[in-house]
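The primary structure of each chain is shown beneath.
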Amino acid sequence: MERRYQLFNEKAFSLDKQGKREYYRDILSQLCAKHYEGCPEYKRFIDAIGFDYEAKPDIEDYPFIPVRMFKELELLSVPKEQVVKIMTSSGTTGQQVSKIFLDKITSVNQSKILMKITTDMLGGQRFPMLVIDSKNVIKDRKMFSARGAGILGFSMLGRDTTYALDENMKLDIETIKAFLEKHKGETILMFGFTFIIWEHFYKELLKQGETLDISKGILLHGGGFKKLIEEAVDNETYKEKLRQVCGVERVCNYYGMVEQTGSIYMECECGRLHTSNFSDIIIRNPRDFSVCKSGEQGLIQLVSTLPDSYPGYSILSEDIGELIGEDDCPCKRYGKTFKIIGRIKKAEVRGCSDTYEKR
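Quick notes on the rules
Residue numbering note: each chain is counted from 1, following its sequence as written. Restriction of local features to residues with pLDDT of at least 70 applies here, the model being predicted, together with a cutoff of 80 or more for giving and counting side-chain atom pairs; totals for whole chains, interfaces and linings are based on all residues. Neither water nor hydrogens contribute to the side-chain values; these are computed over all heavy atoms in the structure. Axis lines are fitted to C-alpha atoms, over the contacting stretch for helices. Their N-to-C directions set the angle, which ranges from 0 to 180 degrees. Runs of E in the DSSP output that reach at least two residues are strands. Runs of H or I that reach at least four are helices, and both are numbered from the N terminus. A contact between two residues is defined here by any heavy atoms of the two lying within 4.5 Å. Just so you know the grouping, Ala, Val, Leu, Ile, Met, Phe, Trp, Tyr, Cys and Pro go in nonpolar, Asp, Glu, Lys and Arg go in charged, and all remaining residues, Gly too, go in polar. Under this definition, polar contacts are N or O atom pairs within 3.5 Å; protein pairs additionally need one hydrogen-donor-capable and one acceptor-capable atom, and for neighbouring residues in sequence, both atoms have to be side-chain atoms. Here a cavity denotes a set of grid points, spaced 1 Å apart and computed over the protein atoms alone, in which a 1.4 Å probe fits but from which it cannot get out, and a pocket denotes an open set meeting protein on both sides within 12 Å along at least five of seven lines; residues with an atom within 4 Å of a point are reported as lining. Grid points are joined across faces, edges and corners, and a volume is the space filled by probe spheres set on the points. To count as a disulfide, a pair of cysteine sulfur atoms needs to be within 2.5 Å. Partly exposed residues are those whose accessible area sits between 20% and 50% of the maximum for their type, while under 20% is buried and over 50% is exposed, using a 1.4 Å probe and protein chains only. Residues enter a nonpolar core if they are buried and are Ala, Val, Leu, Ile, Met, Phe, Trp, Tyr or Cys, with the set joined through side-chain atoms within 4.5 Å. Each Phe, Tyr or Trp ring, with Trp reduced to its six-membered ring, pairs with another whose centre is within 6.5 Å; inter-plane angles below 30 degrees give stacked pairs, above 60 give edge-to-face pairs, and intermediate values give tilted ones. Placement of a positive charge over a ring is assigned whenever Lys NZ or Arg CZ falls within 6 Å of the ring centre and within 35 degrees of the normal to the ring plane. Confidence scores per residue from the predictor, reported as pLDDT, run from 0 to 100.

(A) Geometry of the packing of helix α1 (residues 17-38) against helix α2 (residues 40-49). Between α1 and α2, whose axes approach to 6 Å, the crossing angle comes to 115°. Contacts between α1 and α2 involve Cys32, His35, Tyr36 and Gly38 on the former and, on the latter, Pro40, Tyr42, Lys43, Ile46 and Asp47. Looking at the contact of α1 with α2 residue by residue, the class counts come to 5 nonpolar, 2 polar and 2 charged.

Given below as structure tokens:
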């Protein structure tokens with residue numbers, strides 16, 4: 001497995017198309033073998049479809065697990081006593097949630113790669129951090145939701161972490177103002193989930209007639225725009241509205257899910273979501289699962305080199321996306337670039353922020 005970790009010391013977006021294809025041919029074969037041997041359910045799946053991972057096929061030929069299977073089954077490839085953390089997807093009341101079992105190796109690698117990707121996009125400096133959420137979300141460190149995991153993961157990028165919402169999810173304007181005064185003149189890193197920022201930060205500032213000066217800030221958010229579609233809010237509208245209430249110029253979206261924590265897809269300066277050395281996407285036609293070309297919309301298959309403790313290296317999401325290009329982004333980073341269109345019809349509402357229910 002040594003070659004798999006060689007890239008840990010390189011830049012996050014250093015592999016071009018050919019280099020990545022060759023690297024993944026070895027790495028995915030190793031991962032498939034590991035989960036075949038360690039997870040009985042995955043072994044039955046591979047045997048049933050007759051997949052030969054020892055042949056080291058191309059990335060497009062590897063089988064994928066529908067993301068919903070992590071709600072139906074407890075899939076893990078290590079003994080339960082090695083599990084140090086259990087991640088759960090967000091879900092509305094009554095919905096099943098995914099349960100993702102992490103051992104120490106997987107948990108550490110996810111944190112390392114999350115830092116590598118975000119520092120490439122945002123820079124290596126640790127900024128004063130304002131989390132647009134409540135501290136209550138991160139209470140249980142052994143088992144917590146994607147929201148809590150996101151807050152803890154991204155908190156490593158900041159210092160003097162301060163929460164903008166109180167225990168009742170109410171905007172704590174005095175705490176925010178004191179934080180901004182303390183760090184006046186500094187670059188502020190704000191982090192939160194798309195819908196929560198909109199509902200509890202943007203709308204509350206409007207309601208209270210407050211404006212903040214965070215013009216030197218960076219706002220990092222994820223969780224999607226599914227609930228904001230009803231309000232005709234897309235990515236550009238979102239950025240503009242946030243600028244109006246707090247002056248923030250750089251608003252950076254990211255795409256990811258608890259089933260592949262750490263393998264996030266961040267929006268670059270050019271507004272494109274990027275794959276890194278450690279992750280890839282394939283857009284598949286929902287009718288026959290054939291691979292879509294650039295500009296064609298289809299289901300997003302997510303591939304990650306990080307999952308050791310559970311068979312989540314290749315999963316099929318319920319999201320619709322479109323490939324923009326590969327190795328051709330004006331930001332000069334290698335990798336595929338893509339955009340999110342929405343979700344398949346009749347898919348369960350889910351996501352780090354979009355499933356948040358008001359108390």
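(B) Spotlight on the side chain of Arg333. Position of Arg333 among the secondary structure elements: in the loop between β14 (314-326) and β15 (336-343). Polar contacts involving the side chain of Arg333 include one to the side chain of Asp120, which spans 2.8 Å. Only 2.8 Å separates the side chain of Arg333 from the side chain of Glu269, close enough to count as a polar contact. When near neighbours in sequence (up to four residues on either side) are disregarded, Arg333 contacts Phe13, Asp120, Met121, Cys268, Glu269 and His274.

(C) Representation of empty space enclosed by the protein in the model. A complete count under the given rule lists 1 cavity of 30 Å³ or more for this structure. For the largest cavity, the calculated volume is near 60 Å³. Together, Met115, Thr118, Thr119, Leu122, Gly123, Gly124, Gln125, Arg126, Phe127, Leu157 and Leu189 line the largest cavity. Looking at the lining of the largest cavity residue by residue, the class counts come to 5 nonpolar, 5 polar and 1 charged.

(D) Representation of the state of the cysteines in the model. Enumeration according to the criterion identifies 0 disulfides in this entry. We note that Cys270 lacks a disulfide partner, and the nearest cysteine sulfur, in Cys329, lies 4.3 Å from it. Taking relative accessible area as the criterion, Cys270 reaches 39% and is therefore assigned partly exposed. Among the cysteines around Cys331, which has no disulfide bond, Cys329 carries the closest sulfur, lying 3.5 Å off. What makes Cys331 buried here is its relative accessible area of 15%.

(E) Local environment of the nonpolar core. Within the largest apolar cluster, 62 residues are counted, with the highest numbers of intra-cluster contacts made by Phe201 and Leu242. Tallying contributions element by element places helix α7 (residues 194-208) first for this core, with 7 residues. If we ignore the near neighbours within four places in the chain, the residues touching Phe201 are Ile132, Leu171, Ile176, Met190, Ile196, Leu212, Leu242 and Cys246. Grouped together as the second largest cluster of nonpolar side chains are 42 residues, Tyr36, Val258, Ile282 and Ile300 included.

(F) Spatial organisation of the packing of aromatic side chains. For the coordinates displayed, the defined rule picks out 17 aromatic pairs. Residue placement shows Arg333 over the ring face of Phe13; its charged tip is 5.8 Å from the ring centre.

(G) Up close: the confidence of the model for the chain. Of the residues in the chain, 91% have a pLDDT of 70 or more, and the chain-wide mean is 89. Of all helices and strands in the chain, the one with the weakest mean pLDDT is strand β5 (residues 143-145) (58), whereas strand β12 (residues 279-284) scores best (97). Per-residue pLDDT stays below 50 along residues 348-359; that stretch engages in 49 contacts with residues further than four places along the chain or on separate chains.

(H) Just the side chain of Asp133, in detail. In this structure, Asp133 sits in strand β4 (residues 127-134). Overall, the relative accessible area of 0% leaves Asp133 in the buried class. Within polar-contact distance, the side chain of Asp133 engages the side chain of Arg147 at 2.8 Å. Apart from the residues lying within four places of it in its own chain, the contact partners of Asp133 are Arg147, Ile151, Tyr163, Ala164, Leu165, Met169, Phe193 and Ile196.

(I) Just unusual backbone geometry, in detail. The phi torsion at Lys56 lies on the positive side, around 50°, for a residue other than glycine. Examined against the element boundaries, Lys56 turns out to sit in the loop between α2 and β1 (65-66). With a relative accessible area of 37%, Lys56 lands in the partly exposed category. Although it is not a glycine, Met169 adopts a positive phi angle of roughly 65°.

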